[in-house]
Amino acid sequence: MRYSVPTPSLREVQRLFWESVAVRPRRHSIAPAFVRMVRGRDDSDRKTRIQVYSDAYFLRLRDVLREDFRRVAALLGADQFDQVVANYLEEFPSQQPSVRHLGRALAEFLRRREDMPRCVADLAELEWARVEVFDAPDAECATIEGLVSVPADDWPAFRFRPILAMQILRVQYPVHQLWAGDATLEASMAETSLRVWRKNDYEVLHTPMDARESAALNKMISGEPFAAICDTFSDLPETQAAHETTGLLARWIEDGIIRRVDRAD
Amino acid sequence: MSLLPHLGHGVGLRTVHYPRVLDKTARADWFEVISENFMIAGGRPLKILEKARELAPVVLHGVSLNIGGTDPLRQDYLAELDSLIGRFDPAWVSDHLCWGASGGRFAHDLLPLPYTEEAVRHVAGRVRQVQDRLGRRILLENVSSYLTYAISSMPEWVFLAAVAEEADCGILLDVNNIYVNAVNHGFSPMEYLSGVPADRVGQIHLAGHSSDGDLLIDTHDHPVPNPVWRLYREAVRRFGGVSTLVEWDDQIPSFDELMAEANRAREIEYEVLCANSVSP
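(A) The overall build of chain B, seen in detail. Helix and strand content of chain B: nine helices and 12 strands. A compact globule built from 280 residues would reach a C-alpha radius of gyration of about 19 Å, and chain B, at 18 Å, matches this within 12%. Across its three principal axes, chain B shows a C-alpha extent of roughly 50 × 50 × 40 Å. The buried share of chain B, taken over its 280 residues, is 50%. Sequence separation of at least 24 residues holds for 78% of the intrachain contacts in chain B that already meet a minimum separation of 6.

(B) Region of interest: the overall build of chain A. Looking only at helices and strands, chain A features 12 helices and three strands. In terms of overall dimensions, chain A is more spread out than a globule: its C-alpha atoms have a radius of gyration of 26 Å, far above the 18 Å expected for 265 residues. In terms of its C-alpha atoms, chain A occupies a principal-axis envelope of roughly 100 × 45 × 25 Å. Considering chain A as a whole, with its 265 residues, one finds that 36% of them fall into the buried category. For chain A, the proportion of contacts with a sequence separation of at least 24, taken over those separated by at least 6, is 62%.

(C) Representation of helix α2 (residues 44-55) of chain B. Residues and elements named next belong to chain B. In this model α2 runs 17 Å from its N-terminal to its C-terminal C-alpha over 12 residues, within 8% of the 16 Å that 1.5 Å per residue would give. Here α2 has its buried residues at Arg44, Leu46, Ile48, Leu49 and Ala52. The secondary structure elements touched by the buried residues of α2 are α1 (18-22), β2 (31-34), β3 (58-61) and α3 (75-88).

(D) Spotlight on helix α5 (residues 156-167) of chain B. Here α5 of chain B contains 12 residues, and its C-alpha end-to-end distance of 16 Å stays within 8% of the 16 Å for a straight helix at 1.5 Å per residue. Looking one or two residues past α5 of chain B, aspartate 168 of chain B carries a phi angle of roughly 55 degrees, positive in sign.

(E) How the structure looks around the pairing of β3 of chain B. All names here are of chain B. Every second residue of β3 is oriented toward a common face, with Val58 and Leu60 on one face and Val59 and His61 on the other, all of them buried. As defined by bridge partners, β2 adjoins β3 across four bridges and the pair is classed as parallel. Within β3, the position partnered with glutamate 32 by the bridge is valine 59. With α2 bridging β2 and the parallel β3, this β-α-β connection has right-handed handedness. Sheet topology places β3 next to strand β4 (residues 93-96); two bridges connect them, and they run parallel. Note on β4: the bridge partner recorded for leucine 60 is valine 93. Each parallel crossover has a hand, and for β3 linked through α3 to β4 it is right-handed.

(F) Main features of the sheet that holds β4 of chain B. The eight strands lie next to each other as β1-β2-β3-β4-β7-β8-β9-β12 (chain B), forming a closed barrel whose pairing is parallel. Taken pair by pair, the neighbouring strands of this sheet meet at an average axis angle of 30 degrees, ignoring direction.

(G) Inspection of the pairing of β4 of chain B at higher detail. Residues and elements named next belong to chain B. Both faces of β4 are covered, namely the face carrying Val93 and Asp95 and the face carrying Ser94 and His96. Looking at chain direction, β4 and strand β7 (residues 139-141) are connected through three bridges and run parallel. Bridging across to β7, aspartate 95 finds its partner in leucine 140.

(H) Local environment of the interface of chain A and chain B. Between chain A and chain B, the contact holds 38 residues from the first and 34 residues from the second. Every element with two or more residues in the side of chain A that touches chain B is listed here: α1 (10-21) and α3 (43-68) of chain A. Looking at the side of chain A that touches chain B, its residues break down into 22 nonpolar, seven polar and nine charged.

(I) Representation of unusual backbone geometry within the structure. In this model, aspartate 201 of chain A sits at a positive phi of 75 degrees, which is unusual for a non-glycine residue. In this structure, lysine 24 of chain B takes a positive phi of about 60 degrees despite not being glycine. When you line up the elements, lysine 24 of chain B lands in the loop between α1 and β2.

(J) Region of interest: the packing of α3 of chain A against helix α5 (residues 78-91) of chain A. All names here are of chain A. Following both chains from N to C, one finds α3 and α5 inclined at 110 degrees, their axes separated by 10 Å at the closest point. The angle between α3 and α5 falls in the class roughly perpendicular. In this structure, α3 contributes Phe58, Leu61, Arg62, Leu65 and Arg66 to the contact, and α5 contributes Phe81, Asp82, Val85, Ala86 and Leu89.

(K) Inspection of the packing of helix α6 (residues 175-185) of chain B against helix α8 (residues 226-239) of chain B at higher detail. Residues and elements named next belong to chain B. Across the interface, α6 lies against α8 with an axial gap of 9 Å and an inter-helix angle of 120 degrees. One way to sum up the angle between α6 and α8 is to call them oblique. Classified by chirality, the crossing of α8 by α6 is right-handed. Residues Val175, Asn176, Ile178 and Tyr179 of α6 form the contact with α8, whose participating residues are Pro227, Val228, Leu231, Tyr232 and Ala235. Among the residues making up the contact of α6 with α8, the classes are represented as eight nonpolar, one polar and no charged.

(L) Here's a closer look at the nonpolar core. Ranked by internal contacts, the top residues of the largest apolar core, which has 155 residues, are Leu123 and Ala124 of chain A together with Leu140, Val175 and Val246 of chain B. If one sorts the elements of this core by residue count, helix α7 (residues 118-134) of chain A sits on top with 10 residues. Each residue touching valine 175 of chain B, except ones within four places of it in the same chain, is listed here: Ile204, His205, Leu206, Val228, Leu231, Tyr232 and Ala235 of chain B.

(M) Representation of the sheet that holds strand β3 (residues 203-209) of chain A within the structure. Residue and element names in this part refer to chain A. If you trace the three strands from one edge of the open sheet to the other, you get β1-β2-β3, paired in antiparallel fashion. Either end of the sheet is taken by a strand with one partner, and the two such strands are β1 (166-171) and β3. When strand polarity is set aside, the average angle formed by the axes of neighbouring strands in this sheet is 20 degrees. In this sheet, strand β2 (residues 192-199) lies alongside β1 in antiparallel orientation, the contact comprising six bridges. Bridge pairing in β2 places methionine 166 opposite tryptophan 197. Strand contacts of helix α10 (residues 211-222): β1, β2 and β3, with the helix running at about 120 degrees to β3, the strand carrying the most contacts.

(N) Seen up close, the confidence of the model for chain A. Mean pLDDT over chain A works out to 93, with 97% of the residues at or above the 70 mark. Confidence scores differ between elements of chain A, with helix α8 (residues 144-148) of chain A showing the lowest mean pLDDT of 87 and helix α6 (residues 106-111) of chain A the highest of 98.

(O) Quick peek at the environment of leucine 217 of chain A. Position of leucine 217 of chain A among the secondary structure elements: in helix α10. Those residues in contact with leucine 217 of chain A that sit more than four places away from it in its chain are Ile168, Arg195 and Met209 of chain A.

The rules we used
- Residues numbered from 1 in each chain as written.
- Chains lettered and ligands numbered in written order.
- Predicted model: local features only at pLDDT ≥ 70, side-chain atom pairs only at ≥ 80, totals over all residues.
- Helix = DSSP H or I, 4+ residues; strand = E, 2+ residues; numbered from the N terminus.
- Rg over C-alpha atoms; globule rule 2.2 N^0.38 Å.
- Buried ≥ 20, exposed ≤ 12 C-beta atoms within 10 Å, placed from the backbone.
- Contact = placed C-beta atoms within 7 Å.
- Expected span 1.5 Å × (residues − 1).
- Pairing = 2+ DSSP bridges.
- Right-handed = clockwise from strand over helix to strand, strands pointing away.
- Axes fitted to C-alpha atoms, helices over the stretch in contact; angles between N-to-C directions.
- Nonpolar A, V, L, I, M, F, W, Y, C, P; charged D, E, K, R; others polar.
- Parallel < 35°, antiparallel > 145°, perpendicular 65-115°, else oblique.
- Left-handed = near helix turned anticlockwise from the far one by under 90°.
- Core = buried A, V, L, I, M, F, W, Y, C linked by C-beta atoms within 7 Å.
- pLDDT = per-residue confidence, 0-100.

Right under this line is the structure:
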């Protein structure tokens with residue numbers, strides 16, 4: 001007796017293909033039913049052809065993550081980074097048409113891994129923030145000349161607006177030192193605030209902030225008026241407070257993190 | 001007669017060549033860019049694309065439309081593509097005749113379709129949806145592949161032609177991919193060329209490839225090899241002058257070396273068209 005085998009649907013073909021190449025990266029778990037769907041001289045030839053796709057899947061996405069997380073990759077070394085990527089892709093496969101979003105959860109993933117030095121997740125958070133600000137929305141930056149146009153009486157109530165290509169990170173390790181190669185995986189814990197921003201359209205920068213700058217910047221981001229930002233320095237002698245405030249404002253303008261001052265603001 | 005204007009011989013714009021765009025010395029007939037790389041909110045890439053657009057026509061070439069996939073078409077993706085089209089006014093828009101996502105997960109690869117009647121109907125219906133959404137005809141590119149399916153009921157070129165006819169879309173004919181697939185699957189590249197409807201071919205791709213055992217891999221990391229140049233010559237004989245682009249995505253050479261490849265394509269096209277014009 002001969003049995004007719006139903007032709008698999010396009011959906012079924014793709015389900016088996018996906019299961020064979022992408023669900024368990026680097027584990028060579030090709031579905032036998034998929035092997036039978038592929039033309040080839042023999043099973044070995046069929047598997048070789050399928051393997052081209054599973055290898056390409058892992059290597060392509062590994063390369064994307066290695067580009068976005070260069071410092072993490074360098075610290076972990078090639079083998080450990082590859083293993084991290086393989087595990088990460090199982091849990092966080094790409095869900096966006098643009099591969100640019102692939103690394104969005106790597107810091108979170110690393111933070112949950114008990115076998116990973118804690119500073120690595122913080123470093124990944126910094127590297128991802130740099131990716132995000134690289135192509136964040138544009139904004140015209142404030143200039144000293146623009147600020148001069150603000151009448152003196154308006155200053156206390158004036159609200160500065162930050163550029164959109166800026167992120168504030170609060171991490172447990174001084175990852176700017178790790179990033180610069182000035183520390184190792186054994187870095188000591190030290191709570192650190194970092195400002196990450198884009199300057200001149202393309203230059204991504206980051207810098208640690210002391211407690212005062214961090215507090216003042218958070219006030220600016222929250223939309224509090226300039227008077228509230230000045231209050232950050234109210235425990236200092238008046239002359240020093242004024243000096244610190246104007247110095248901070250000048251630095252923010254120089255760094256390009258304040259949006260163009262619009263008198264309608 | 002092609003359904004699109006002949007823009008000449010262009011190159012794929014890659015980040016290493018951005019300085020040549022900024023200093024306005026990137027003198028290509030036209031640029032092709034990967035659509036998804038510019039689906040971003042701001043920053044340098046969009047500025048570079050604006051500059052490139054000032055220098056020459058631009059074409060948007062996508063890799064994640066997932067036109068052959070069985071997931072619903074991503075409307076957010078189409079909205080972003082539509083927005084890019086509105087901003088940069090590309091000469092045309094293309095993607096690949098393949099699938100690349102399943103269950104909401106993206107492979108970021110160009111995965112082969114089975115060549116079946118079901119797949120023809122499925123893809124053509126989705127192409128029509130995309131064309132209706134974008135208000136323009138798109139081009140679909142034949143992809144390189146390393147496997148074929150036992151259930152395929154027609155050769156690749158018949159599948160390509162059937163999709164293009166049923167969807168009323170254009171074809172971006174990748175001559176390197178034809179050669180790669182001819183070696184990998186054992187068919188005649190000339191038979192492929194003769195099966196492609198000439199009036200649907202709006203663009204040609206050229207590229208290099210690598211060898212991995214018995215298979216050729218479409219790596220885009222080498223100069224265009226001689227067998228592909230020979231096949232290009234045949235393509236020009238069959239399709240006439242068609243906008244042609246050299247792709248190079250890895251181990252990318254200097255812009256001038258890339259242009260040398262584009263200029264070689266220009267010379268071949270010129271030779272073939274001149275020979276055709278004097279033939280009886």
